[in-house]
Amino acid sequence: ISAAAGSIGQRGLPALMQTGTAASPRFSVVFGCRKESGVSCLVEFSADLNRWEPSLVEPAHVGEDALIQAFSVPFPTVLSDARPPRFCRVRVADR
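Residues numbered from 1 in each chain as written. Predicted model: local features only at pLDDT ≥ 70, side-chain atom pairs only at ≥ 80, totals over all residues. Heavy atoms only, no water.

A.B. asks: Got a minute to help me understand the overall build of the protein in this structure?
C.D. replies: The helix and strand inventory of the protein stands at zero helices and nine strands. In the protein, the succession of helices and strands from N to C terminus is β-β-β-β-β-β-β-β-β. Taking 2.2 N^0.38 as the reference for a compact globule, 95 residues should give roughly 12 Å; the C-alpha atoms of the protein span a radius of gyration of 14 Å, in line with that estimate. Principal-axis analysis of the C-alpha atoms places the extent of the protein at approximately 40 × 35 × 20 Å. Pairs at least 24 apart in sequence give 61% of the contacts found in the protein among residues at least 6 apart. Here the protein displays about 6200 Å² of accessible surface, and carbon together with sulfur accounts for 55% of that area. Counting 10 positive and 9 negative side-chain charges, the protein places the centres of these two groups 4 Å from one another. (Helix = DSSP H or I, 4+ residues; strand = E, 2+ residues; numbered from the N terminus. Rg over C-alpha atoms; globule rule 2.2 N^0.38 Å. Contact = heavy atoms within 4.5 Å. Areas by Shrake-Rupley, 256 points an atom, 1.4 Å probe, with all protein chains shown as cover. Lys, Arg positive; Asp, Glu negative; His and termini not counted. Charge placed at Lys NZ, Arg CZ, Asp CG, Glu CD.)

The structure is reproduced here in C-alpha cells:
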C-alpha cells in the first residue's frame, strides 16, 4: 500500500517506508484496513522472527480512499532485549 498527501495511491500488502537521511534512516510500516470492518490491527516487531513485541506507538492515520484507511507505525530503534528490529507484522483481530 502507498499513501501520500492524505490519499491512497496504491492498495496492496503492507509496505516499508524510509525517511530521514542515508546516514540516519528511519523506517515505518504502512498498512491498510478496510473501513468499517470491525477489526483492530496490532503491529509487532521482531529481531529474529521468534520473539515478537507489540508496537508502543498507536498507528497514525495517513490516508484513505472510498474503501481503505491507511495507517503508519514507526519502527522502534531497539526492542526490549536491546536488539534492533528487523521484521514487522500486522495482526488483525475482531474487536
